[in-house]
Amino acid sequence: MKFKDYQTDGFYDELFEKAGVPHEAAKPLVAKIESLPKGDLHRRQQAAEAAFLQMGVTFTVYGSDEGTEKIFPFDIVPRVIQPADWTQIERGLKQRIEALNLFINDVYHDQNIVKDGIVPGELLNSADSFRPQCVGLTPQRDIWIHVTGTDLVRDDAGKLFVLEDNLRCPSGVSYVLQNREVLKRTFPNVFESMNVQPVYDYPNRLLAALQHLAPVGVAEPTVVVLTPGMYNSAYFEHAYLAQQMGVELVEGSDLVVQDNFVMMRTTQGFQRVDVIYRRIDDDFIDPKVFRKDSCLGVPGLMDVYRRGHVALANAPGTGIADDKAVYAYVPQIIKYYLKQDMILPNVETFLCGEPKQLKYVLANLDKLVVKAVNLSGGYGMLIGPHSTKKEQKDFAAQILASPRNFIAQPTLSLSRAPTIVDDDFEGRHVDLRPYILYGEDIFVMPGGLTRVALRKGSLVVNSSQGGGSKDTWVVTSKEAGSSQTQPTNSQTQTQDVTDA
Amino acid sequence: MLSRTADAIYWLARYVERAENVARFVDVNFTLALDLPNESAAQWKPMVLTTGDESEFTDRYEDFSEQNVVRFLTFDRENPNSILSCLWQARENARTVRDTISSELWEQVNHFYLLVKNASKRDVIDSSHEFFAAIKQASHLCTGIADSTMSHGEAFQFARLGRTLERADKTARILDVKYFMLLPTSDHVGSPYDALLWSALLKSASAFEMYRKRFRAIHPDRVVEFLMLDPHFSRSMRFSVKGAERSLRLITGGDESGYANPVERKLGQLRSELDYADVDEILKGGLHEYLDGFQGKLNEVGGAVYESFFALKPVKA
């Protein structure tokens, strides 16, 4: 397979500047693929898929009986991120997480940002994700958001935007790690020659960030991962992270509150738990405080948490900062807490809760993407240009019924990346979800999950909606600390990397 | 380790062992059918009796034909003890503890399940011997991989506890049903078929060659003695129970001079009973009665394991 007929069709392409001309950073990769014998790429793709199945790297599909497990569709042609872009991403995300953390802390304490008139109080009070149970709480080390997966996109000019923040239980990082394992086997030589930044130490970093939260006086904290169980779609990831960190994977029924501590049931009796990386939503973690009907969580957990006898990551209540209406205020939030301008811009966002903006949204439904503020995974969306008049009318009714619950954004013409389709490469839209850890400091894993809309023309990349993934290669240049001999990119990019 | 995790590992090992045992005796019966004269063609009914799932079978199948029995024992998803069902359950258990077991073991269990699942898509088992041999080998691989990739700590010992208890139970069942079935056909005594059938019994427990080395001539009482009481053969009831007890003591840290919980007590009693048993006495008292009692005691051990290590006591608010 060759790229000679590959067209960028006027979209920003992640590998090609224009047809036939790869980006500087992607040149070795493109050259390697071009040099493969006929049929070889297909063979490598099949080998990669077989490896995933054999390793049991699968996700659960709801509502189908036989094949309840599928491998996450995967394209072996990686997406390459150039050094200058990565520098901006890394700095922008650190800034964003720092500010959002300060924001959450403020929301559950004095709400100075409301008093100072930056964010309307009504916006917080009306948010579904606001947790009155968390008011006055101070989590260990004042950190609320320990693990974040922020979704980024590019427009047709190649400009990067933050599409949304996922501050509750963002998933997908295990696919990044597994994709990389498989890609290293698939393209060993080219991988080495390109100075791809490693991702393998993510579990170490995650463990360190979690251990950092240990209650006072606990030298060797017992860390666990709390999962809703094996029927959860992300169960593979929960098990994988627990295994890679060498900690127990627990379910709610394994934990019990005794004498103001959280204990787990072991074959040798009860053992104290100090830090819980919970992969269960707020609503379910403690039936005594949140949803009464939940049997996934641990009754009394919040009380222990309040006493500082156990740490929870992410802290309950963080969802307030990824409410899609709050998102619209992030530029002001950064300015307010850090006195800085936003490094990674937001996508222009209209709040239906604001009468003027609502009017504009209703008049332009055919041009906008409308999203419900509390839903994710591609649900509760209207993609204006791809919708029918009837869908627009139905959606308008929903918006009018509860304007606060909707936002709208212009449709971006998302960037594309070459993807194997039958016997050729075709451009498919992609986004990027880097993972950020907040422990002793803020760490952005170099890379992230590149999600691909596999259906032609589709803009929806969610795995629940037919999306797939690609490995993401953040390449670095020679001066940035590598001993490789790959020719460097331009002088400016080198400087950017060393600045970071 | 977590009680739930220990439970899952214990059952993971039991189900893999169970699948292997079913494969072994179905395979032997296939081979036997080829050697027997037509009129006394291999009996398939005892295969079902061995598993203890007779009513499950008769509810859904018309007769004990080879085809029905083989289907029931290998691919029938509704039969919880078919090879496919055992492996499905083994894999589900492995999946819940894949953070605890080694990746190598998880991949082998996954591979094992896929092997049988893919075979089940064809209605007929072609080259059955290769198929069942592959199953036995896959099971041995699980054991070997666990042995050489996992720390021999608690998780490993729970797996071995499950495997050895299952093995003791299956050897007892095979012996019980086969003995019962072979004895009455006294017209075969001394005929070539006699040796053939007793050899088949030994082969069902992969014991034929080892028996030969120990006793050489095939004699019913010696076959019984070998499968029940041999101190060195790894599938004998005594050896398996001893292995189970060793794992148990490694889990609890207790020595063999007493007991600290009901499992240690029951298992210790059972082990010493076998240590001091005499095959002639057992046969005089009735082999079936003895084996029945043995299985009952093993079930009690299983119950005590559950109570002592796995039971999740209800949480009081």
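These figures come from a predicted structure and were not determined experimentally.

What is the right way to read the overall build of chain B from this model?
Secondary structure assignment for chain B yields 15 helices and 0 strands. Taken against the 2.2 N^0.38 rule, which gives 20 Å for 317 residues, the C-alpha radius of gyration of chain B at 20 Å falls within 12% of a compact globule. Expressed as lengths along the three principal axes of its C-alpha atoms, the size of chain B is roughly 65 × 50 × 40 Å. For chain B, with 317 residues in total, the buried portion stands at 57%. When contacts within chain B are restricted to residue pairs at least 6 apart in sequence, long-range pairs at least 24 apart make up 64% of them. As displayed, chain B offers around 13900 Å² of accessible surface, 50% of which is attributable to carbon and sulfur atoms. Computed over 39 positive and 46 negative side-chain charges, the separation of the two mean positions in chain B equals 5 Å.

How should I be thinking about the environment of Pro-418 of chain A in this particular structure?
Residue and element names in this part refer to chain A. As for its position among the elements, Pro-418 is in strand β19 (residues 416-421). Separated by 398 residues in the primary sequence, Pro-418 and Gly-20 have C-alpha atoms spaced 12 Å apart. Once residues within four sequence positions are removed from consideration, Pro-418 is found in contact with Phe-3, Tyr-6, Asp-13, Leu-15, Phe-16, Asp-75, Val-77, Phe-425, Glu-426 and Lys-470.

I would appreciate a short explanation of the sheet that holds strand β10 (residues 255-258) of chain A in the present structure.
Backbone hydrogen bonds are what pair the strands of a sheet, in a parallel or an antiparallel way. Residue and element names in this part refer to chain A. One open sheet holds the 3 strands; their spatial order is β10-β11-β12, and the pairing between them is antiparallel. The sheet is open, and its two borders are formed by β10 and β12 (269-272), each paired with just one other strand. Put simply, the sheet's adjacent strands are angled 45° from each other on average, direction ignored. Bridge analysis of β10 against strand β11 (residues 261-266) gives 4 bridges, and the strand direction is antiparallel. The partner of Val-256 across the bridge, within β11, is Met-263.

What am I meant to see in unusual backbone geometry here?
Excluding glycine, residues mostly carry a negative phi; peptide bonds, for their part, are mostly trans. All names here are of chain A. With an omega of -10°, the peptide bond between Ala-313 and Asn-314 qualifies as cis. Of note, Asn-314 is situated in the loop between β14 (311-313) and α12 (324-327). Phi at Asp-9 takes a positive value of approximately 55°, unusual for a residue other than glycine. Following the sequence through the fold, Asp-9 ends up in the segment before β1 (16-18). Here Asn-260, not a glycine, exhibits a phi torsion of approximately 70°, which is positive.

How should I be thinking about the interface of chain A and chain B in this particular structure?
Opposite the 27 residues of chain A that make contact, chain B presents 30 residues. When the buried area of chain A at its contact with chain B is split by residue, Gln-54, Arg-265 and Thr-267 of chain A rank highest and sum to 25% of it. Scanning the region where chain A abuts chain B turns up 2 salt bridges. For Asp-254 of chain A, the salt bridge is made with Arg-4 of chain B, and the minimal N-O distance between the two is 2.5 Å. In this structure, the connection of chain A to chain B is made through 13 residue pairs in polar contact (both at pLDDT 80 or more). For the side of chain A that touches chain B, the elements supplying multiple residues, two or more each, are α2 (40-55), α9 (235-245), β9 (248-250) and β11 of chain A. Among the elements that line the side of chain A that touches chain B, the one with the most residues is α9 of chain A, at 5 residues. Among the residues making up the side of chain A that touches chain B, the classes are represented as 13 nonpolar, 8 polar and 6 charged.

Would you mind going over the side chain of Arg-4 of chain B with me for this structure?
Along the chain, Arg-4 of chain B turns up in helix α1 (residues 3-35). Relative accessible area serves as the criterion here: at 15%, Arg-4 of chain B is assigned to the buried category. Within polar-contact distance, the side chain of Arg-4 of chain B engages the side chain of Asp-254 of chain A at 2.5 Å. Leave out the neighbours within four places in its chain, and Arg-4 of chain B touches Leu-249, Val-250, Glu-251 and Asp-254 of chain A together with Thr-96 of chain B.

How should the pattern of salt bridges be read in this particular structure?
Oppositely charged side chains can pair when the atoms bearing their charge come close. Counted under the stated rule, the structure contains 58 salt bridges over all chains. Between Glu-164 of chain A and Lys-324 of chain A there is a salt bridge, with its nearest N and O atoms 4.0 Å apart. In this pair, Glu-164 of chain A is assigned in strand β7 (residues 160-166) and Lys-324 of chain A in helix α12, connecting sequence segments 160 residues apart. Between Arg-235 of chain B and Glu-20 of chain B there is a salt bridge, with its nearest N and O atoms 3.5 Å apart.

Whenever I open this one, the domain arrangement of chain B confuses me. Can you help?
A common way to state how big an interface is: give the accessible area lost once the parts meet. All names here are of chain B. Along its sequence, chain B is carved into domain 1 (1-150) and domain 2 (152-310). Across the contact, 32 residues belong to domain 1 and 31 residues belong to domain 2. Roughly 3000 Å² is buried in total at the junction of domain 1 and domain 2, and carbon and sulfur atoms are behind 66% of that figure. Among the residues of domain 1 in contact with domain 2, Tyr-10, Glu-17 and Thr-50 are the three that bury the most area, contributing 19% of the side total.

Please explain the packing of helix α10 (residues 208-215) of chain B against helix α11 (residues 220-229) of chain B as it appears in this structure.
The description of two packed helices rests on the angle between their axes and on the distance between the axes. All names here are of chain B. The geometry of α10 relative to α11 is characterised by a closest axis approach of 11 Å and an angle of 115° between their N-to-C directions. When the axis of α10 is compared with that of α11, the two are roughly perpendicular. Considering how the two elements wind past one another, α10 and α11 form a crossing that is right-handed. Every residue of α11 that contacts α10 at Met-210, Tyr-211, Arg-214 and Phe-215 is listed here: Arg-222, Val-223, Glu-225 and Phe-226.

Before we go on, may I ask you to explain the packing of helix α6 (residues 103-120) of chain B against helix α7 (residues 128-149) of chain B in this structure?
Residues and elements named next belong to chain B. Where α6 contacts α7, the axes come no closer than 9 Å and their chain directions differ by 170°. Classed by the angle they form, the pair α6 and α7 counts as roughly antiparallel. Listed contacts from α7 to Glu-104, Leu-105, Gln-108, Val-109, Phe-112, Leu-115, Val-116 and Ala-119 of α6 are Phe-131, Ala-134, Ile-135, Ala-138, Ser-139, Leu-141, Cys-142, Ile-145, Ala-146 and Thr-149.

Would you take a moment to explain the state of the cysteines for this structure?
Two cysteines whose sulfur atoms are joined by a covalent bond form what is called a disulfide. On inspection of all chains with the given rule, the structure shows 0 disulfides over all chains. Here Cys-169 of chain A is not cross-linked by a disulfide; its sulfur's nearest cysteine counterpart is in Cys-134 of chain A, at 13 Å. Cysteine Cys-86 of chain B remains unbridged, with the sulfur of Cys-142 of chain B as its closest cysteine sulfur at 13 Å. A residue is classified by how much of its surface remains accessible, and Cys-86 of chain B, at 0% relative accessible area, is buried.

Each value, and the rule that gives it
- Residues numbered from 1 in each chain as written.
- Chains lettered and ligands numbered in written order.
- Predicted model: local features only at pLDDT ≥ 70, side-chain atom pairs only at ≥ 80, totals over all residues.
- Heavy atoms only, no water.
- Helix = DSSP H or I, 4+ residues; strand = E, 2+ residues; numbered from the N terminus.
- Rg over C-alpha atoms; globule rule 2.2 N^0.38 Å.
- Buried < 20%, exposed > 50% of the residue type's maximum accessible area, 1.4 Å probe, protein only.
- Contact = heavy atoms within 4.5 Å.
- Areas by Shrake-Rupley, 256 points an atom, 1.4 Å probe, with all protein chains shown as cover.
- Lys, Arg positive; Asp, Glu negative; His and termini not counted.
- Charge placed at Lys NZ, Arg CZ, Asp CG, Glu CD.
- Pairing = 2+ DSSP bridges.
- Axes fitted to C-alpha atoms, helices over the stretch in contact; angles between N-to-C directions.
- Buried area = accessible area lost by both parts, 1.4 Å probe.
- Salt bridge = Lys/Arg side-chain N within 4 Å of Asp/Glu carboxyl O.
- Polar contact = N/O pair within 3.5 Å; in protein donor to acceptor, adjacent residues only side chain to side chain.
- Nonpolar A, V, L, I, M, F, W, Y, C, P; charged D, E, K, R; others polar.
- Domains from an automatic or database assignment.
- Parallel < 35°, antiparallel > 145°, perpendicular 65-115°, else oblique.
- Left-handed = near helix turned anticlockwise from the far one by under 90°.
- Disulfide = S-S within 2.5 Å.

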